[in-house]
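What follows is the residue order along each chain.
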Amino acid sequence: MRKRRPQRHTSPMTATQKPGAAIEAFSFGEPVPVLSQREVFDYLEAMHNGRWYEPPLSLNGLSRVYRAGVHHASAIQVKRNILRSCFIPHPKLSLAAFTGLVLDYLIFGNGYLQAVQNRLGGVLRYDHLRAKYTRRALDLNQYWWIAQPGQEQALPAGRVGHVMEADINQEIYGIPDYVGGLNSTLLNESATLFRRRYYENGSHAGFIMHITDPTQNEQDIKDLKEALRQSKGPGNFRNLLLYTPGGSKDGVKLIPVAEVAAKDDFLSIKNVSRDDQLASHRVPPQLMGVMPNSTGGFGDVTKAAQVFDINEIDSIKASLLALNDWAGEEVIRFNPYRLSDLTGQAA
């Protein structure tokens, strides 16, 4: 006798039931430290390619960061302007060449002058060599000019004068003092870009449009979706159209998703990152046109300028004057820093 297999009783799927959609969950990833794996470069010092040494920091990156934050750029420019106002032009060193030398020294921690000789072998003038494209050869008395890829040029030994900031890891290139404040500069830039995109979005906040009422015309949904897409400007915020026919009585809902996220403490981030940048450059805020947050202000600007001249400007002048030893003549000279020609008061 054949045994009969028990039958499984399954309830038929009704017309209103539909296969459930898979649930998708995602996360935004783990926090990434801003200083991750940077310490390994401290052991590399300055690598070379057989012809010249490579800088320990990307000079292209430093040049891009120069204009990333208004306070970072302003702190460098106020030092450049003070030094340029104190400089005494020399027949062999123009004001333009000196300005380029100072700007390179403040941004890259390195400044270069090239001696251009006349037909008799003497020095005709001193030109500014842009630090971004100047490299130090394996013979430390020689330099390379690498502005044109594939057309690198070895400069004659002894023709280039080099002034640089000190570094604790290597002695080939200088490192600017503000490196510790680069994260604050980039944070300040990111906060500004976020707020700019926030306002360019148009509605200043993204939302989810939730439609549960069934519709007989799918083209209406497509038209609505296209209208939402065309009504918003470019930016980081996007609007989502969600179509779920056969839903509850609340057919359409607008669910804002960016109102809370938009409270990014913009002013707090800007102020804190600004203070970090000023601390890394050691520039009084009143010399940069920064408005005080309190009614008391920043104090006497004259006294601040005098202390700034003694602590910072005199030190930079001493570094630049070292090029006179290389040139064999006093091509770099300075007048005292004067706060006002009317009062005759010198800082």
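This text goes with the structure placed above it.
In every chain, residue numbers begin from 1 and rise along the written sequence. Reporting of local features is limited, given that this is a predicted model, to residues whose pLDDT is at least 70; pairs of side-chain atoms are given and counted only at 80 or more, and all residues count toward the totals for whole chains, interfaces and linings. Only hydrogens and water are removed before side-chain values are computed, so all heavy atoms of the structure are retained for them.

**Remarks on the sheet that holds strand 5 (residues 153-155)**
Move 1: By definition, two strands form a pair when at least two bridges between them are found by DSSP. The way it works is that DSSP assigns letters per residue, a run of H or I at least four long becomes a helix, a run of E at least two long becomes a strand, and they are numbered from the N terminus. Strand order in the open sheet made by the three strands is 3-4-5, with antiparallel pairing throughout. Because the sheet does not close on itself, it has two edges, and the strands there are strand 3 (134-136) and strand 5. Mean inter-strand twist for the sheet, computed between neighbouring axes without regard to direction, equals 30°.
Move 2: Here strand 3 runs beside strand 4 (residues 143-145); their pairing, made up of three bridges, is antiparallel. Across the sheet, Thr 134 pairs through a bridge with Trp 145, a residue of strand 4. For helices, the fitted line uses only the C-alpha atoms of the stretch in contact; every axis is such a line through C-alpha atoms, and the angle between N-to-C directions lies from 0 to 180 degrees.

**Focus: the packing of aromatic side chains**
Move 1: Ring pairs are drawn from Phe, Tyr and Trp, using the six-membered ring of Trp, whenever the two centres fall within 6.5 Å, and their geometry is named by plane angle: stacked under 30 degrees, edge-to-face over 60, tilted for the rest. By the definition in use, this model includes seven aromatic pairs.
Move 2: Ring centres of Tyr 126 and Trp 326 lie 5.6 Å apart, and the angle between their planes is 65°; this geometry places the pair in the edge-to-face category. Separated by 200 residues along the polypeptide, Tyr 126 in strand 2 (residues 123-129) and Trp 326 in helix 8 (residues 323-327) bring together distant segments of the chain.
Move 3: The buried label applies to any residue whose accessible area, calculated with a 1.4 Å probe on protein chains only, is under 20% of its type's maximum; exposed applies above 50%, and partly exposed to all values in between. Take Tyr 126: its relative accessible area is 3%, and that puts it in the buried class.
Move 4: Judged by its relative accessible area of 28%, Trp 326 falls in the partly exposed class.
Move 5: Through a chain of ring-to-ring contacts, the aromatic side chains of Phe 87, Phe 98 and Phe 334 assemble into a single cluster.
Move 6: Over the face of the ring belonging to Trp 144 we find Arg 51, whose NZ or CZ atom lies 5.2 Å from the ring centre. The criterion is that NZ of a Lys, or CZ of an Arg, lies within 6 Å of the ring centre and within 35 degrees of the ring normal, and then a charge sits over that ring.

**Let's talk about the environment of Pro 91**
Move 1: Note that Pro 91 resides in the loop between helix 2 (70-86) and helix 3 (95-108).
Move 2: Taking the C-alpha atoms as reference points, Pro 91 and Arg 125, 34 residues apart in sequence, are found 7.7 Å from one another.

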